[in-house]
Amino acid sequence: MMWYRDTPFVLGGSERAHLKVEGLSAGYGAFLVLRDLNLEVRPGLTVVLGPNGAGKTTLLKALNGLIRRQGVVTLDGGDLPEKTNEIVQAGMALVAEGRQLFPQMTVTENLELGGWLTPKAERARRLEQAFADFPKLRERAQQLAGTMSGGEQQMVAVARAMMSAPRLLMLDEPSLGLAPRMVDELLGMVRRIADAGTTVLMVEQNVKKALAVADRGYVLERGTLVASGPARLLARSSVVREAYLGASSTVAHGAATAAGAAHRRPNAPTA
Ligand SMILES: Nc1ncnc2c1ncn2[C@@H]1O[C@H](COP(=O)(O)OP(=O)(O)OP(=O)(O)O)[C@@H](O)[C@H]1O
Ligand SMILES: [Mg+2]
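Before going into details, it helps to say that this report is about the structure given with it. These figures come from a predicted structure and were not determined experimentally.

### So, the environment of Arg-216
Thinking step 1. Structurally, the position occupied by Arg-216 is in strand S9 (residues 216–221).
Thinking step 2. You can call Arg-216 buried: it has 20 C-beta atoms within 10 Å.
Thinking step 3. For the pair Arg-216 and Pro-230, spaced 14 residues apart in sequence, the C-alpha separation works out to 4.2 Å.
Thinking step 4. For Arg-216, the residues in contact, after removing those within four places along its chain, are Arg-42, Thr-46, Gly-229, Pro-230 and Ala-231.

### What to know about the sheet that holds strand S3 (residues 45–49)
Thinking step 1. A sheet is described by the order of its strands in space; here 6 strands give the open sequence S6-S7-S8-S3-S9-S10, paired in mixed fashion. Strand pairing shows two members of the sheet lacking a second neighbour, strand S6 (92–95) and strand S10 (224–230), which therefore form its edges. Between one strand axis and the next, the sheet turns by 15° as a mean value, whatever way the strands run.
Thinking step 2. Along the sheet, helix H1 (residues 56–63) contacts S3, S6, strand S7 (168–172), strand S8 (199–203) and S9; its crossing angle with S7, the most-contacted strand, is approximately 150°.

### Regarding the pairing of S10
Thinking step 1. Across 6 bridges, S9 lies against S10 in antiparallel orientation. Residue pairing across strands places Gly-217 opposite Gly-229, the latter belonging to S10.
Thinking step 2. Hairpin remark: S9 followed by S10, antiparallel, with 2 residues in the connecting loop; positive phi at Arg-222, about 45°.

### Here we look at the environment of Leu-168
Thinking step 1. Mapped onto the secondary structure, Leu-168 falls in strand S7.
Thinking step 2. Among the residues examined, Leu-168 registers 27 C-beta atoms within 10 Å and is labelled buried.
Thinking step 3. For the pair Leu-168 and Gly-44, spaced 124 residues apart in sequence, the C-alpha to C-alpha distance is 9.7 Å.
Thinking step 4. Other than its neighbours up to four places away in sequence, Leu-168 contacts Ala-17, Leu-19, Val-41, Gly-91, Met-92, Thr-198, Thr-199 and Leu-201.

### Here we look at the nonpolar core
A general feature of soluble globular proteins is that nonpolar side chains tend to end up buried together.
Thinking step 1. Within the largest apolar cluster, 75 residues are counted, with the highest numbers of intra-cluster contacts made by Ala-130, Val-156, Ala-159, Met-170, Val-190, Val-200 and Met-202.
Thinking step 2. When neighbours within four sequence positions are excluded, Val-200 is seen to be in contact with Leu-45, Thr-46, Leu-169, Leu-171, Val-190, Ile-193 and Ala-194.

### Focus on the sheet that holds strand S2 (residues 31–41)
Thinking step 1. Pairing within the open sheet is antiparallel, and its 4 strands lie in the order S2-S1-S4-S5. The outermost strands of the open sheet, each flanked by one partner alone, are S2 and strand S5 (78–79).
Thinking step 2. The pairing of strand S4 (residues 69–75) with S5 spans 2 bridges and is classified as antiparallel. Of the residues in S5, the one forming a bridge with Thr-74 is Asp-79.
Thinking step 3. Each of strand S1 (19–28), S2 and S4 touches H1; the most contacted strand, S2, lies at about 70° to it.

### Concerning the packing of helix H3 (residues 107–114) against helix H4 (residues 120–133)
Thinking step 1. The interhelical angle for the contact between H3 and H4, taken along N-to-C directions, is 125°, at an axis separation of 10 Å. With respect to H4, the element H3 is oriented oblique. Note that H3 runs across H4; the crossing there is right-handed. Of the residues in H4, those touching H3 at Thr-108, Leu-111 and Glu-112 are Arg-123, Leu-127 and Ala-130.
Thinking step 2. Partitioned by chemical class, the residues of the contact of H3 with H4 number 3 nonpolar, 1 polar and 2 charged.

Definitions and limits used
- Residues numbered from 1 in each chain as written.
- Chains lettered and ligands numbered in written order.
- Predicted model: local features only at pLDDT ≥ 70, side-chain atom pairs only at ≥ 80, totals over all residues.
- Helix = DSSP H or I, 4+ residues; strand = E, 2+ residues; numbered from the N terminus.
- Buried ≥ 20, exposed ≤ 12 C-beta atoms within 10 Å, placed from the backbone.
- Contact = placed C-beta atoms within 7 Å.
- Pairing = 2+ DSSP bridges.
- Axes fitted to C-alpha atoms, helices over the stretch in contact; angles between N-to-C directions.
- Core = buried A, V, L, I, M, F, W, Y, C linked by C-beta atoms within 7 Å.
- Parallel < 35°, antiparallel > 145°, perpendicular 65-115°, else oblique.
- Left-handed = near helix turned anticlockwise from the far one by under 90°.
- Nonpolar A, V, L, I, M, F, W, Y, C, P; charged D, E, K, R; others polar.

This is the structure:
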């Protein structure tokens, strides 16, 4: 059995959210990481690729109101609010790097937290829908999240984000640390969420697999976008092939990981 139901996801919106980012800059204190980014997240599945430390997580944090941003960001033509709770209410949800579950809480309790801004009766209805959308989670409803495997925790994290019924779902490296089969299932699930009408913005290091499921992509390097386009064309572009898909890609990736080790994975998974 797959983790998700073989039919469209009911949680999540179908209003085909469209995010536009113009001249976005963001960073930490005086340290500017992102400089003057322009990008568009159209209905469907958009992926952001790039080496360690490029600013991918910083981009998602800025869009989710976790750090301050400069520039113009609009969701369906309206200004995106500044505060995280207002951004969630506007219809955007983030599955953070490292999942960020509450390990001492059950699966159900973690899911309920995803509906924190929702009235109680509606939250209960969504929980039931989450279990319908992700049937394997129902079997684990009372298990402590921290005792689940990495792949299981990632499914809880995605289901929790869906509890806010987002119109735009952001995912930060959802396939990190998962076995190849689980990666395939997870990316397949993300694809189906996009097909069911929730716009998706996903950061991934699994370049080949990400481009295989995405509609469009951007490549971020040192805080700047260096390439963009339809996923199929990007996969064939020299920028992506040389840096990420070439014969030496494992070596290059290893080097990038080593160079970025100092800041790598500050939010390691809980299990
Ligand atoms: N809280 C922070 N305070 C200061 N600098 C930070 C902070 N978080 C990240 N940075 C720095 O911002 C830059 C971009 O980091 P970011 O986490 O966005 O990269 P990333 O593309 O997500 O990398 P990875 O693939 O390793 O997750 C790095 O130089 C990093 O050291
Ligand atoms: Mg990151």
